[in-house]
Amino acid sequence: MTTLSETDDQAPPAEPSPPPADTHGSQVGGKSDLDIGSGQTRMEVAYGAGDGDDDAKAVVAQKASLGVLFEQVYRPWNGTLGPRWVRNYAIFRHHVYGLFRGKGHRHYNPFVRLAILVIFLGSLTPIAMIFLSVTISGGEGADFLNRMWGVNRYNLWGQVLGYFPRNLCMWPLLTALVVGGMISDDRKNGTSAIYFSRPVTRTDYTAMKYLSAAVVLGFVIVFSYMLYYASSIVFNGEGWAFLIDTLPYFLGGLLAGILLVVTYTSIGMALSSVSQSRFFAAIGFLAIIFGTKVVALMIEMIFGTTMFYILSPYDSLAHVGQWLVGIPANYEHPLAFSVISVLIFNAASIGLLVSRVSSLEVTRE
Amino acid sequence: MSSNSTPAVLIDHCSKWYGQVIGLNDVSLAIDGGVTGILGPNGAGKSTLFKLLMGRLKPSSGSVRLFGIDPWEDTAPYRRVGYVAETEKLYDWMTGHDFVSTLARLHGMTRDEASERASHVLEFVGLGDVQNKEIGKYSKGMRQRVKIAHALVHDPDLIILDEPLHGCDPIARTSIMSVIRDLGSQGKTVLVSSHILDEIERITEQIVILHNGRLLALGNLHAIRDLLDKHPHRILIRTEDPRALAASFVPEDPVYGVRFAQEGALEILTNDLSAAHTILPRVIFESGLKVTSIENPDDNLDALLGYLVGGDS
């Protein structure tokens, strides 16, 4: 057999080599370590360029290792499976922890995480302004800053329910980003089957998804509100008198914030449950929040009535919030209408959510 | 095997209608322990059966019980059930280990238990060395095996596998079959569906055959095969001279006829497939003719179904 790389016209004729032990084997490129007989495999590839006479090459795979069958040992598990709350907590943490860590949790796009961070930092700007007013204490500047961002009924209401920038740019966008894919992703990818082939009821599935979305929104909206109030006390060195004076409307604002989180989550989750795309769920949410407000605003401008603001979830919440914090209402229609509107928005959204989740993975019923 | 006297799967006169279309027609089954193959062509009712078992469909009539509990009403039996859906999607961004351990936690395991158990089942299905690789980078066979791993992570008593070999390469098929056989030998109840008889034959001898929503046959594969063997059979032999080879076969006992259905091919008709295969090598050798292939066109599920429903095989 010719050894291509070692062919030399000047060399004396070599002694005939012994015949190969295995006729299937070959010795190419000076390598003779192919051992086909023992069951090992090889791959042989030859190729050339140009006319192929001068630098003909052969490339041969090195000795292949034997295939290894994996050891198949099944060990039964004798542990005790946790109760319902343990399973529910697993669903909850899977969705919430995904915001901070990708490993083992729900996947959030890095841009979504960044947007949430920016919104959260944006919601903390009043704290920075209070801090600034303290550092430049005295003078008109400090007074202006305190008036604009210091704790009072209007600012507490505005921290949660102010239209610009919070309810125009921040909270609806935050909700759309967090809630949009909560259920629509499962609908699109069929991953709800992962839950429903386990001892997870549809109620648990829905409740935990809802809770995880609400907690993320609550962290940004409600927690930033609480931080704002607390930082004002700390930075200004306020005492018990301030606390007693402001606590009632702080609690009113807190309740308004929770109502906002619940209502936005309900509407967002309902839209996510009817869609197979997180994009359309998110856009649908923004359309409802902004669209209803624009329609109500146009009707007010044309007909001079605020009644149609009850169609706008934001305005209904804002109206209720004004009552809770104790500031004059911007709306002429009775408060009861807005309260009923908020209740209906929540009830209808949760009803839709529940009915859609009931049909998940249940085919052709 | 289920720990009490109720079988793992009990289906009693169960029917499922989709409007005017019948998905499952008065099926009664009781299965407990070992591997059972659910066979049937596409549209036979295999997926309907599994959806009923997994509580995704409500029976139109009759009842379905897993460990004695109605899965439509109560998810409790799923603590003891592992399910591999045919088209189930996975979380592609997760590693195999993260995925399986996350799902273990949905069963109520602690973090350490879930992690340890995930590693074990991934080793069991042969994915130990790639368990820290993202699922999105897995091959089809590896994805199927990770699905089996997540179904096994809580050590279920009943494992339901819907077409687990679908789309897998031969190596993946072999390893998955090996996993399924091993689970059956552990005493677990394993239901595995396929529309390919050979696949099931390599896994189990206990089969259920569905056709058009009806239960056609239930029992040992060999017993059903024997029925098939008594049915007229064909053996297709491709050779250079079919007529000369036919002359050699005609005097043989098991052969009752020959046919030249295709050019360069001889079709032998027999009532006893085993006997015909016994004489085959001798007759071919004695004829001295070159034979390029020998096929059994009737040795498939269609033929078996054809026989069972009384049509042509």
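Residues numbered from 1 in each chain as written. Chains lettered and ligands numbered in written order. Predicted model: local features only at pLDDT ≥ 70, side-chain atom pairs only at ≥ 80, totals over all residues.

**Student:** Sorry, what's going on with the overall build of chain B here?
**Tutor:** A count of helices and strands for chain B gives ten helices and 13 strands. Principal-axis analysis of the C-alpha atoms gives chain B an extent of 75 × 45 × 35 Å. Residue pairs in contact within chain B that sit at least 24 positions apart in sequence constitute 66% of those at least 6 positions apart. (Helix = DSSP H or I, 4+ residues; strand = E, 2+ residues; numbered from the N terminus. Contact = placed C-beta atoms within 7 Å.)

**Student:** For this particular structure, what's the right way to read the overall build of chain A?
**Tutor:** The number of helices and strands found in chain A is 13 helices and two strands. Taking as baseline every contact in chain A between residues at least 6 positions apart, the subset at least 24 positions apart corresponds to 73%.

**Student:** I'm lost on the interface of chain B and chain A in this one. Help?
**Tutor:** How large an interface is tends to be reported as the accessible area lost when its parts come together. With 39 residues of chain B in contact, the opposing surface of chain A contributes 35 residues. Sort the elements by how many residues they give to the side of chain B that touches chain A and helix α2 (residues 96–106) of chain B lands first, with six residues. Looking at side-chain class alone, the side of chain B that touches chain A contains 16 nonpolar, twelve polar and eleven charged residues. (Nonpolar A, V, L, I, M, F, W, Y, C, P; charged D, E, K, R; others polar.)

**Student:** What is the right way to read the sheet that holds strand β2 (residues 21–31) of chain B from this model?
**Tutor:** Residues and elements named next belong to chain B. What the three strands build is an open sheet, ordered β2-β1-β4; its pairing is antiparallel. Each edge of the sheet is formed by a strand with only one pairing partner; in this case those strands are β2 and β4 (61–66). When strand polarity is set aside, the average angle formed by the axes of neighbouring strands in this sheet is 20°. Against the sheet, helix α1 (residues 46–53) engages β1 (9–18), β2 and β4, with an angle of about 115° to β1. (Pairing = 2+ DSSP bridges. Axes fitted to C-alpha atoms, helices over the stretch in contact; angles between N-to-C directions.)

**Student:** Even after reading the chapter, I still don't get the sheet that holds strand β13 (residues 291–295) of chain B, so can you show me in this structure?
**Tutor:** Sheets are built from strands paired through backbone hydrogen bonds, the pairs being either parallel or antiparallel. Residue and element names in this part refer to chain B. Read from one edge to the other, the open sheet built from four strands follows the order β11-β12-β10-β13, with strand pairing classed as antiparallel. Only two strands of the sheet have a single partner each, and these edge strands are β11 (255–259) and β13. Each strand axis lies, on average, 20° off the axis of its neighbour in the sheet, ignoring direction. Bridge count between β11 and strand β12 (residues 265–270): four bridges; the pairing is antiparallel. Looking at the pairing, valine 258 lines up with isoleucine 268 of β12.

**Student:** Sorry if this is basic, but what is going on with the pairing of strand β6 (residues 158–161) of chain B here?
**Tutor:** Consecutive residues of a regular strand have side chains that alternate between opposite faces of the sheet. Residues and elements named next belong to chain B. Alternating positions in β6 separate into two faces, Leu158 and Ile160 on one and Ile159 and Leu161 on the other, with burial throughout. Sheet topology places strand β5 (residues 81–84) next to β6; four bridges connect them, and they run parallel. Bridging across to β6, valine 81 finds its partner in leucine 158. In this sheet, strand β7 (residues 189–194) lies alongside β6 in parallel orientation, the contact comprising four bridges. Across the sheet, isoleucine 160 pairs through a bridge with leucine 191, a residue of β7. With helix α5 (residues 170–185) bridging β6 and the parallel β7, this β-α-β connection has right-handed handedness. (Buried ≥ 20, exposed ≤ 12 C-beta atoms within 10 Å, placed from the backbone. Right-handed = clockwise from strand over helix to strand, strands pointing away.)

**Student:** Hey, could you run me through helix α1 (residues 84–96) of chain A in this one?
**Tutor:** One turn of an α-helix holds 3.6 residues; hence residues three or four places apart share an orientation. For α1(A), built from 13 residues, the straight-helix expectation of 18 Å at 1.5 Å per residue is met to within 8% by its first-to-last C-alpha distance of 19 Å. All buried positions along α1(A) are accounted for by Arg87(A), Asn88(A), Ala90(A), Ile91(A), His94(A) and His95(A). Seen end-on, α1(A) carries its buried residues on one side only, within an arc spanning 150°. Taken together, the buried residues of α1(A) touch α9 (202–236) of chain A together with α2 of chain B. (Expected span 1.5 Å × (residues − 1). Arc of directions from axis to C-beta.)

**Student:** Is there a simple way to think about the confidence of the model for chain B in this case?
**Tutor:** Close inspection of predicted coordinates is inappropriate for parts of the model with low pLDDT. Looking at chain B, the pLDDT average stands at 86 and 93% of residues meet or exceed 70. Note on the complex model: pTM 0.79, ipTM 0.76. (pLDDT = per-residue confidence, 0-100.)

**Student:** Which parts of the structure should I look at to understand α2(B)?
**Tutor:** In terms of residue burial, α2(B) counts as a mostly covered element, since eleven of its eleven residues are buried. Those residues of α2(B) that fall on the buried side of the exposure criterion are Gly96(B), His97(B), Asp98(B), Phe99(B), Val100(B), Ser101(B), Thr102(B), Leu103(B), Ala104(B), Arg105(B) and Leu106(B). Along its buried surface, α2(B) packs onto α1 and α8 (192–196) of chain A together with α3 (111–124) and α4 (140–152) of chain B. At the exit of α2(B) stands Gly108(B), carrying a positive phi of roughly 100°.

**Student:** Hey, could you run me through unusual backbone geometry in this one?
**Tutor:** Most of the time, phi is negative for any residue but glycine, and the peptide bond is trans. Residue Phe164(A) is joined to Pro165(A) through a cis peptide bond whose omega torsion reads 5°. Inspection of the secondary structure assignment puts Pro165(A) in helix α6 (residues 163–179). Notably, Phe67(B) is not glycine yet its phi reads approximately 50°, a positive angle. Structurally, Phe67(B) is set in the loop between β4 and β5. Despite not being glycine, Asn212(B) shows a phi value in the positive range, around 50°. Along the polypeptide, Asn212(B) turns up in the loop between β8 (206–211) and β9 (214–220).

**Student:** Explanation requested: the environment of Leu227(A) in the structure shown.
**Tutor:** All names here are of chain A. By the secondary structure assignment, leucine 227 is in helix α9. Along the sequence, leucine 227 and proline 126 sit 101 residues apart, while their C-alpha atoms lie 9.9 Å from each other. When neighbours within four sequence positions are excluded, leucine 227 is seen to be in contact with Leu124 and Ile127.

**Student:** Hey, could you run me through the environment of Met142(B) in this one?
**Tutor:** Residues and elements named next belong to chain B. Locating methionine 142 in the fold gives a position in helix α4. We classify methionine 142 as buried; it has 20 C-beta atoms within 10 Å. Apart from the residues within four sequence positions on either side, methionine 142 is in contact with Leu127 and Val130.

**Student:** Please clarify how the nonpolar core should be interpreted in this entry.
**Tutor:** Note on soluble globular proteins: their nonpolar side chains tend to be buried together. Ranked by internal contacts, the top residues of the largest apolar core, which has 139 residues, are Leu217(A), Leu260(A), Val100(B), Ala149(B), Ile160(B) and Ile180(B). No other element matches the 13 residues that α9(A) contributes to this core. Counting residues in each nonpolar core, the second largest holds ten residues, with Ile237(B), Phe249(B), Leu266(B) and Ile268(B) among its members. (Core = buried A, V, L, I, M, F, W, Y, C linked by C-beta atoms within 7 Å.)

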